[in-house]
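# Architecture at a glance
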Number of protein chains: 2
Amino acid sequence: MMEGDSMSKTLDKNKQEIQSELYAKFFQGLSNPTRYKIVEALLEGPKNVSQLVNKLGVSQSQISNQLACLKWCGYVTCKQEGKYVYYQITDERIRTIMELARSMVADNANHISCCTRM
Amino acid sequence: MMEGDSMSKTLDKNKQEIQSELYAKFFQGLSNPTRYKIVEALLEGPKNVSQLVNKLGVSQSQISNQLACLKWCGYVTCKQEGKYVYYQITDERIRTIMELARSMVADNANHISCCTRM
DNA sequence: CATTCATATTTTAATATCCTGATATGTTGT
DNA sequence: ACAACATATCAGGATATTAAAATATGAATG
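Residues numbered from 1 in each chain as written. Chains lettered and ligands numbered in written order. Predicted model: local features only at pLDDT ≥ 70, side-chain atom pairs only at ≥ 80, totals over all residues. Heavy atoms only, no water.

### Section: the overall build of chain A
To be explicit about the condition: Think of it this way: any DSSP run of H or I at least four residues long counts as a helix, any run of E at least two long counts as a strand, and we number them from the N terminus. Every residue pair with non-hydrogen atoms within 4.5 Å of one another is taken to be in contact. For every accessible area listed, the method is Shrake-Rupley and the probe measures 1.4 Å; residues are considered covered only by the protein chains on display.
For chain A, the helix and strand inventory stands at five helices and three strands. Each helix and strand of chain A, ordered N terminal to C terminal, gives the series α-α-β-α-α-β-β-α. Long-range pairs, those at least 24 residues apart, make up 51% of the contacts in chain A between residues at least 6 apart in sequence. A total accessible area of about 6,300 Å² is found for chain A, and carbon and sulfur atoms account for 49% of it.

Right, dumping it as structure tokens:
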């Protein structure tokens, strides 16, 4: 049995493990091309599901599913307006993250495109 | 057969598709708890593989594999020093991205943790 | 040059994610 | 209440990611 320091150390570690999983899950939000494109599109302004379906040329069920995912992750919020549901970006920090990524990828595109490990 | 505008439109779309996949892949780098922890650890300063194995309590093969992945994605670079291989963060923009994520997750932790879509 | 320590690679099985198609829910206008 | 449209959810099979274990490569030291 564990006790004292070793116990609290274990608890700390689990806590940190949970934190890492949370952050990883957050980034997973942008780790799918369709979700990335949705976020990119919504940075231009709020859009409803049909508009996203048309703009991105992706099936409605997929758009809805990925939006649900982005909503859980905190990237977007939605509000119903008549028969349409409008989605919008939650937070301007997302724009900054996207811009940083864009500038980094611009410097590393060749590396990324040939990664075979994931 | 396609020609003229519709052709170049198609090419443009493919180009954009490739871009989205590239960005998505970039974010995939941080979308795994182990990789996230590695990046976090390396933001404190360069470390070799053994140090990461000890610090994170993850198997050596996994650390090496995830480092390879992070290297392809442009997050880290490495240099051999004697029998050790030291890894370090490529770019300070990564620190900014991590900090933004941390602050956003702090506001949305409850949402993320119960996401069942991915 | 053989041994030891550090790191990289490969294989495999478990699991997770993704996409599609079908269906359910919900809203509006008649 | 019904028809038409908008969105959400669910079930499945295909594919990708993950972690573990075994093995291979490479550097340093005696």
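### Section: the relation of the copies chain B and chain A
Put simply, the two copies of the chain differ by a rotation about an axis and a shift along that axis. Stated formally: Residues below a pLDDT of 70 in either copy are left out; the C-alpha atoms of the rest, at least 70 in both, set the least-squares superposition of the copies.
The two copies are related by a screw operation: chain B maps onto chain A through 180 degrees of rotation and 0.0 Å of translation along the axis, at an RMSD of 0.0 Å. The superposition operator between the copies reduces to a two-fold rotation axis. Both copies present the same face, since 98% of the interface residues in chain B are matched by interface residues at the equivalent positions in chain A.

### Things to note about helix α4 (residues 60–73) of chain B
Residues and elements named next belong to chain B. Counted only if it meets this: Working rule for helices: expected span equals 1.5 Å times residues minus one. Buried means the residue's accessible area, taken with a 1.4 Å probe over protein chains only, is under 20% of the maximum for its type, while exposed means over 50%, and partly exposed covers the values in between.
For α4, with 14 residues, the first-to-last C-alpha span of 20 Å sits near the 20 Å given by 1.5 Å per residue. Every buried residue of α4 is accounted for by Ile63, Gln66, Leu67, Ala68, Cys69, Leu70 and Cys73. Positive phi shows up at Gly74, right after α4, with a value of about 90 degrees.

### Digging into the interface of chain B and chain A
Many structure descriptions define interface size as the accessible area lost when the parts assemble. Going by this rule: Once two parts are joined, some of their accessible surface, as seen by a 1.4 Å probe, is lost; buried area is that loss totalled over both. Basic side-chain nitrogens of Lys or Arg form a salt bridge, by our definition, when they fall within 4 Å of a carboxyl oxygen of Asp or Glu. Definition of a polar contact: a pair of N or O atoms within 3.5 Å, with one able to donate and the other able to accept a hydrogen when the atoms are protein atoms, and with sequence-neighbouring residues admitted only if both atoms are side-chain atoms. Residues are grouped as follows: Ala, Val, Leu, Ile, Met, Phe, Trp, Tyr, Cys and Pro are nonpolar; Asp, Glu, Lys and Arg are charged; every other residue, Gly included, is polar.
Opposite the 50 residues of chain B that make contact, chain A presents 49 residues. In this assembly, chain B packs against chain A so that about 5,000 Å² is buried in total across both faces, 71% of it on carbon and sulfur atoms. At the junction of chain B and chain A, the tally comes to four salt bridges. Between Lys37 of chain B and Glu17 of chain A there is a salt bridge whose closest N-O contact spans 2.4 Å. On inspection of chain B and its partner chain A, the count reaches six residue pairs in polar contact (both at pLDDT 80 or more). Among the elements of the structure, α1 (4–28), α2 (33–43), α4 and α5 (93–113) of chain B are those that each provide at least two residues to the side of chain B that touches chain A. It is α5 of chain B that provides the largest number of residues to the side of chain B that touches chain A, a total of 16 residues. When grouped by side-chain class, the residues that make up the side of chain B that touches chain A number 24 nonpolar, 13 polar and 13 charged.

### A look at the packing of helix α2 (residues 33–43) of chain A against helix α3 (residues 49–56) of chain A
Residue and element names in this part refer to chain A. Spelled out, the test is: Lines fitted to C-alpha atoms define the axes, with helix axes restricted to the stretch in contact, and inter-axis angles between N-to-C directions lie between 0 and 180 degrees. Just so you know how the angles are binned, under 35 degrees is roughly parallel, over 145 roughly antiparallel, 65 to 115 roughly perpendicular, and the rest oblique. With the far helix as reference, a near helix turned anticlockwise by less than a right angle produces a left-handed crossing, and one turned clockwise produces a right-handed crossing.
The contact between α2 and α3 brings their axes to 11 Å, and the two run at 115 degrees. Taken together, the axis directions place α2 and α3 in an arrangement best described as roughly perpendicular. The two elements α2 and α3 meet at a crossing, and its hand is right-handed. Contact residues: Lys37, Ile38, Ala41 and Leu42 in α2; Leu52, Lys55 and Leu56 in α3. In terms of residue class, the contact of α2 with α3 is built from five nonpolar, no polar and two charged.

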